[in-house]
Structures are given as C-alpha cells and as structure tokens.
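Fold and contact review
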Amino acid sequence: MSPTPPSAPRFDTLLVANRGEIACRVMRTARRMGLRTVAVYSDADANARHVREADEAVRLGPAAARESYLNVEGVVEAARRTGAGAIHPGYGFLSENGAFVEALEAAGIVFVGPPAPAIAAMGDKSAAKARMQDAGVPLVPGYHGEGQDDVLLRDEAERIGYPVLLKASAGGGGKGMRVVESDGEFQTALDGCRRESKAAFNDDRMLIEKYLVQPRHVEVQVFCDRHGNGVYLFERDCSVQRRHQKVLEEAPAPGMTEALRREMGEAAVRAAREIGYVGAGTVEFLLDSSQGQDSAFYFMEMNTRLQVEHPVTEMITGQDLVEWQLRVAMGERLPLAQDELTITGHSFEARLYAEDPAQDFLPATGTLGRFALDLAGAGLEADKVRLDSGVESGDAVSMHYDPMLAKLIVHGDDRAQALATLNRALAALDVRGVVTNRAFLQRLAGHPAFRAAELDTRFIERHEATLFAERETAPEEYAAAALIGLHQLARECESDSPWDRHDGFRLNAAHTIRIALCAPEHAADEDDAESVTVVEGRRERESAPWQLSLNGQKFEASLEPLEGDAVAVTIDGHRRRLQARLVGEGGERNVVVMVDPMRETRLYWRRIDAIDHGQREAESTLTAPMHGTVVALLAEAGARVEKGMPLMVMEAMKMEHTLAAPADGHVERFHFAAGDTVGQGDVLLEFAPEE
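Residues numbered from 1 in each chain as written. Predicted model: local features only at pLDDT ≥ 70, side-chain atom pairs only at ≥ 80, totals over all residues. Heavy atoms only, no water.

For the rest of this paragraph, the subject is the side chain of Thr 29. When you line up the elements, Thr 29 lands in helix α1 (residues 20–32). Among the polar contacts listed, one links the side chain of Thr 29 to the side chain of Asp 320, at a separation of 2.8 Å. Residues within four places of Thr 29 in sequence aside, it is in contact with Asp 320, Val 322, Glu 323 and Leu 326. (Helix = DSSP H or I, 4+ residues; strand = E, 2+ residues; numbered from the N terminus. Polar contact = N/O pair within 3.5 Å; in protein donor to acceptor, adjacent residues only side chain to side chain. Contact = heavy atoms within 4.5 Å.)

With that settled, consider the packing of helix α3 (residues 72–82) against helix α4 (residues 98–107). Between α3 and α4, whose axes approach to 10 Å, the crossing angle comes to 30°. Our pair here, α3 against α4, has a crossing hand that is right-handed. From α3, Val 72, Val 75, Val 76 and Arg 80 reach across to α4, where they touch Phe 100, Ala 103, Leu 104 and Ala 107. Here the contact of α3 with α4 is built from residues that sort into seven nonpolar, no polar and one charged. (Axes fitted to C-alpha atoms, helices over the stretch in contact; angles between N-to-C directions. Left-handed = near helix turned anticlockwise from the far one by under 90°. Nonpolar A, V, L, I, M, F, W, Y, C, P; charged D, E, K, R; others polar.)

As for its placement among the helices and strands, Ala 372 is situated in strand β19 (residues 370–373). Beyond its immediate sequence surroundings of up to four residues, Ala 372 is in contact with Ala 428, Leu 429 and Asp 430.

The next thing to look at is the confidence of the model for the chain. Across the chain, the average pLDDT comes to 87, with 88% of residues at 70 or higher. Predicted confidence for residues 1–6 stays below pLDDT 50, and this span has ten contacts to residues more than four positions away or in other chains. Here residues 611–620 is modelled with pLDDT under 50, and outside its nearest four sequence neighbours on either side it reaches six contacts, counting other chains as well. (pLDDT = per-residue confidence, 0-100.)

When a protein is soluble and globular, its nonpolar side chains tend to lie buried together. Membership of the largest hydrophobic core comes to 64 residues, with the highest contact counts inside it found for Leu 14, Val 222, Phe 223, Met 264, Phe 285, Phe 299 and Met 302. The dominant element in this core, judged by the number of residues it contributes, is helix α9 (residues 258–274), at seven residues. In contact with Met 302, other than residues within four places in its own chain, are Glu 96, Met 122, Val 222, Ala 272, Ile 275, Tyr 277, Gly 281, Thr 282 and Val 283. (Core = buried A, V, L, I, M, F, W, Y, C linked by side-chain atoms within 4.5 Å. Buried < 20%, exposed > 50% of the residue type's maximum accessible area, 1.4 Å probe, protein only.)

Turning our attention to helix α14 (residues 438–445). In terms of burial, α14 is largely enclosed, as seven of its eight residues are buried. The set of residues buried in α14 consists of Arg 438, Ala 439, Phe 440, Leu 441, Gln 442, Leu 444 and Ala 445.

This brings us to the sheet that holds strand β36 (residues 665–670). Spatially, β33-β36-β38 is the arrangement adopted by the three strands of the open sheet, whose pairing is antiparallel. In this open sheet, the two edge strands, each paired with only one partner strand, are β33 (640–641) and β38 (685–689). Sheet topology places β33 next to β36; two bridges connect them, and they run antiparallel. Looking across to β36, one finds that Arg 640 is bridged to His 666. (Pairing = 2+ DSSP bridges.)

Pairing of strand β25 (residues 530–535) with strand β26 (residues 546–550), which is carried by four bridges, proceeds in the antiparallel orientation. Residue pairing for β26: Thr 533 is matched across the bridge by Ser 549. With five bridges joining them, β26 and strand β27 (residues 553–561) adopt antiparallel strand pairing. The partner of Leu 548 across the bridge, within β27, is Phe 555. The turn linking β26 back onto β27 is made up of two residues, and Asn 551 within it adopts a positive phi angle of 50°.

Turning our eyes to something else, we now look at the environment of Ala 272. Relative to the assigned elements, Ala 272 resides in helix α9. A relative accessible area of 0% places Ala 272 in the buried class. Distance from Ala 272 to Thr 282, taken between C-alpha atoms, is 8.9 Å for residues ten residues apart in sequence. If sequence neighbours within four positions are ignored, Ala 272 has contacts with Val 222, Cys 224, Tyr 277 and Met 302.

All told, the structure shown has twelve aromatic pairs when counted by the stated rule. An angle of 90° between the planes, with centres 6.0 Å apart, marks the rings of Tyr 232 and Phe 234 as edge-to-face. Linked through ring pairs, Tyr 69, Phe 93 and Tyr 401 together constitute an aromatic cluster. Between Arg 242 and the ring centre of Tyr 353, over which it is positioned, the NZ or CZ distance is 4.4 Å. (Phe/Tyr/Trp six-rings, centres within 6.5 Å; stacked < 30°, edge-to-face > 60°. Lys NZ or Arg CZ within 6 Å of the ring centre and 35° of its normal.)

Turning next to the environment of Leu 15. Inspection of the secondary structure puts Leu 15 in strand β1 (residues 13–16). With relative accessibility at 0%, the residue Leu 15 sits in the buried group. Separated by 71 residues in sequence, Leu 15 and Ala 86 place their C-alpha atoms 6.3 Å apart. Not counting residues up to four positions away in its chain, the partners in contact with Leu 15 are Val 38, Val 40, Val 75, Ala 78, Ala 79, Thr 82, Ala 84, Ala 86, Ile 87 and His 88.

Our next topic: the pattern of salt bridges. One pass over the full model with this rule turns up 54 salt bridges. What emerges from the salt-bridge pattern is a single network uniting Arg 10, Arg 25, Arg 28, Arg 32, Glu 314, Asp 320, Glu 323, Arg 327, Glu 332, Arg 386 and Asp 388. (Salt bridge = Lys/Arg side-chain N within 4 Å of Asp/Glu carboxyl O.)

On to the sheet that holds strand β12 (residues 245–251). Whether parallel or antiparallel, the strands of a sheet pair through hydrogen bonds between backbone atoms. Taken together, eight strands build an open sheet; the order of strands is β14-β13-β10-β11-β12-β15-β22-β20 and the sheet is antiparallel. With one partner strand each, in any of the chains shown, β14 (296–303) and β20 (385–389) form the two edges of the open sheet. Put simply, the sheet's adjacent strands are angled 25° from each other on average, direction ignored. The pairing of strand β10 (residues 215–224) with strand β11 (residues 230–242) spans six bridges and is antiparallel. Each bridged residue has a counterpart across the sheet, and for Val 218 the counterpart in β11 is Asp 237. Running over the sheet, helix α10 (residues 310–317) touches β10, β11, β12, β15 (346–353), β20 and β22 (404–412) and is turned about 20° from β22. Lying over the sheet, helix α13 (residues 415–428) contacts β12, β15, β20 and β22, oriented at roughly 140° with respect to β22.

What follows is the structure, encoded as structure tokens:
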C-alpha cells in the first residue's frame, strides 16, 4: 500500500450519520482500524443497538427523520461536540445530499464519500444520462430532456414505443415510477408519478425509458481514490425485487462471461471518472435477456454511496469495502489494482424485512422477543455465514424508519453450494415477536426458477402464484409437530401438576396423548383441526419410538434433540433434521414452527387431553371414587356454591371422602340421599358451572 500523502485529512474519530444495521456495520470496521466511534440517534432510537455499540452517542431530535437523521445542522454540531474528524453517511438519509457534503467541507470535517459535484452529477438522472452518453456508456433508448410539457412527454413515449417506464428524474427507491403499457394509460400514470416525485423529492420532472420486458438488474461496484486510480470489484445481480426494491442479491452474476464482465466493469469505471468520483460507488445496468442473450447492457443510474448489498462483493473478493472507504477518505491510494482483484466462490444476500408478504408486504412493528441465528443447530460454518443486523432480542421495531432489520449473507465455492447454505441459514434464523419476510425469502431461494438462475426484475410477479400458494400439510408433518410440541413442553414445563405431564402417563397402560393440530389461522375452528394420538412404544425396546395415528394412518416416530434448536425427527425410518421452535402469545407457546432448508411449517396445537382435564376433573369429583355409602348432603338442591365448597360426604372402608364443588356454579340435583349405597363411578349429583 502506498504511503499517505502529507496533506491527507487524517482523523481518529468517526461519526456515523445513520442508524440500524449499516451504522453497526460501519462502526465494526472503524473499531478494528482503531477509530473512536460516535453514533447519532432520534428519540425513537434512544436505546437502539447502534447507540449501545458506539463509544459516544448524541441525540439529534424527535423520531421524524426530517427532525433527526436528516437534520444537517444537528449532525454537524454532533461532530463538533465529539471531536469527530470524519462522518460516514451509510446509505439513505444524507448519504447522497450534496448540501450536506458542502456543509462538512465548510466545517473542516471529512465526508467519507464522493465530492459534492459528483453527487450532483448523478443526482439529476436526466443530466446523468447525458453525461454517460458523452462518456460512451450505453443507454436505454429514452427521453432525458429538459422539456416537461405533458404533450411533449406523451409524444416521446410514442416515439420510443410502448411499453415505457416513467421515472422521477430526481428519484430512487421505486418512488415516482410507473410502467405504461399503452397510450391510453399514459396521462394517468404521468400524473401519479409527478405527485409521488413532488412529495418525495420536491421535484416532479420526469424521464422516459424503453421498458425492457425481461431485464436483469446487474450492477458494478466501483472504487476511485484521490490519485486518479479507479477499479471495479466485479458485479452483483439484484434482479429479484418487490416494488422496485431489492430482496435477494448475489455475486457474481450468473452466466456472466469474462468478456461481458470486463466490458461492463470498464464502462462503470468510465462513468465514475466522467464525474470525478472518489470512494465507493455502484453503477447500475439493465442487462437485456429478452432474446436469450446477455450481450446488451444499458446504464440505469449510479448510486454515489455504499450499497446495501455490498457484503456479497466483500465475500467474493475478500475485501472490506468500508475499510477501503475510510482509507480513501484519509487520502490513501486504493489498496489493490485491477489485476490484483479476483473472484472466489459465490455469495448471496437476503434482506430481512419487518413486513408481511401475505399483506402486500405491509411493514410490521412490535418487539423482538427473540432474534438469533442458530449456526450450530443448522450445522453451518461461521466463516460462511454473516448476519449484519441493527437489532437484538428485546429491541423494538418502530414505524418511523425503513423496515429492514438485517441482511443474511452467505458464501460457497459455487452458486449451488452458496444457495444451499442460504437455505440452511434462513432456516436457522429465529425471529419472534415481529412479522417478517423470512419464510418468503425461503420460498424465493428454494424456487426452481431461482435455483436455475432464470432471473429478471419481474421474478416475484411472474412466480406469484407459486410463491404465495398455500401448501397442503402432509400427515408426516402433523406427526412431527406432535412430537416437537411435546418435546419443547417437556423442556420448559415447570408445573408440578400431574395434568401437565408431557408423557401421557397412564396407570398400568401405555402412555397416551391426544393432540389437535391445525394452521394457526384456523385455531378457533375445531372442524379444521387434525387429531393425532401418540402412544408410547414397546417397553421391551430401549428408546422405542412412539406409535402415532392420524385419520387411520399409523406411524412409528421418534425425536432426538440436537444442537441449539435443531432436532432429528424419524418417522417410519425417514430421519429429517429440522429447526424446531414453540412460539405463541401471552405466555402460551402454542404454535409449532418446523423449518428445514426448503420450507417452513407452522401448526397451532393443543393437547386434547389437557384441554379436557378441567371438565374431566369436575366429572371425577362428582362421581363416586369407590364403592361406599352416602353419609351427608352438605348443600341444598338449586343452591349456588363457590369452587371448593363441600357438597357431599361418603364413606368406604371406615374412611370418609368429601366431594367439593369443582367451580363456581349451582347444584341442580342430587341423585342419592344420606344412607344410600353407591358404586364406583356412579354420578352423585348434577352440577352447572357458571359461564
């Protein structure tokens, strides 16, 4: 590595002007480099993980981003107060705000990112496309001009040819963007885009591009220093998106030839140099696969910051991109030249969001009762799996910010191995208390088309029917859920009551348990439940399996606890390794969650015998426990009594037995009078418990 020039802006304290997982991730590298770290926070984040992990933290203001994380003066003042010589913006918030960069320059604070003119050059997408055309970077056919008259834009759409894509000139993140299929839809779509763009960016200018029917979203990681050096760290495929926002990313892009990789990489570096870029940036391209050829690529935009999906590039190159950012910000040269960079293996990143895919991906809130990755239970190697998160168990997920909780990143020798690791890691990720897209990510990663790398930006839309289809639960899964529920309760039960025993104890008979199971959404409907009877195996065999019956079908099944949350369930000789959890609300852990590398199954369960115990106990106290004689009636027929009140005394073998009221209620009538002889099991009285 070349020595730092004498005029390089050195610093020993770094303020991270962000929150969540990216703030934690930046601080992790900063600490490793010996830098002191400073966090900033809003009132909603006062106890957030990034605040807890920083050396110092400064409050910015109320929960609203515009009054906290977007408060330029507040962030600059926080840097002054703590002696921070540099600010890392993360992504989002102020990361691509040229005015913020200028404010830092005026205050003598280093911005870990590009200069303000470079941000401005790419912030206006229409002007950026014109610059890219001058630099020889391929563009999608479209209109990027200054004229914004509705009639002009409509004529340009007609010239380009439908379908077209309307995009906010100052936009990003899918806001102010519509696909227009025909001339008849154009005006309505244009009006909607203008409103969204004005609300989000205070700018309603539009650009129009030819809409590629089956494009892939492939982006190139570039890096430039202050000494004129520029390299590309290869590409990432980010085609799997929902509402124009990425969900799964991978590197390198499947099917990429060395020639195409070099061509796209060099075009990306030209784009960066055209605007005098410094630091980490990403040049995004559309790769046209509609003709079965991936030879045509078009510039889409440049993100003048670190990308959310940068870890997959780190995994395949072995480089820490945040460290590169900090070294470049200190005036150092790039750590490696282009010919020193290589690709090793394959990597995936899955974005874990607090959202409900079944409800059109609506954001979810709540408190994380548990947030953990059980690597040991899944048999995963720590150096192959990385979880970048901004939350821990017990943290609150609020409505104020982006719903992304974490990023699960994996590495393998090739795509197939990395994908298998991703599926196992998703199964090992245990998130409770907040609805997330974890199970949906599993369905995506396990989809045959995704495994075959049949990718494009409409992947989720094209496969919606299979991705959201209800899956029928197999009898073997009901059987496994019955054993898992009993196993978990046995580990956690603290009650001394014989009715709470998990083993179905019977005197002089095989242990027997009856369990009702159904999908959680049908928990209130008895007709939708499946009944499983579990009977202890033959006693002459050590560790004999249980005998299970379901709708006349019989199984031999056993369960073996493994590491962490993992269990091995064997049913009729078929052994499966699962991540198994028992979850629920209000202290009742009544949902069995079974996760394997391909899918998740959730079943509400209840012990029929346990649920019936209250009634059975009541019945047993109102029947004669033995042959004997009624000695006395202690209540009047029709009287209201309280639970535990004595109702009748009977005698057998010179011992008296008192029957008490099993609950608050009414004695409706006695079947015997004092002096009568009764047999064992005779019903002694009729009792009506209060509702």
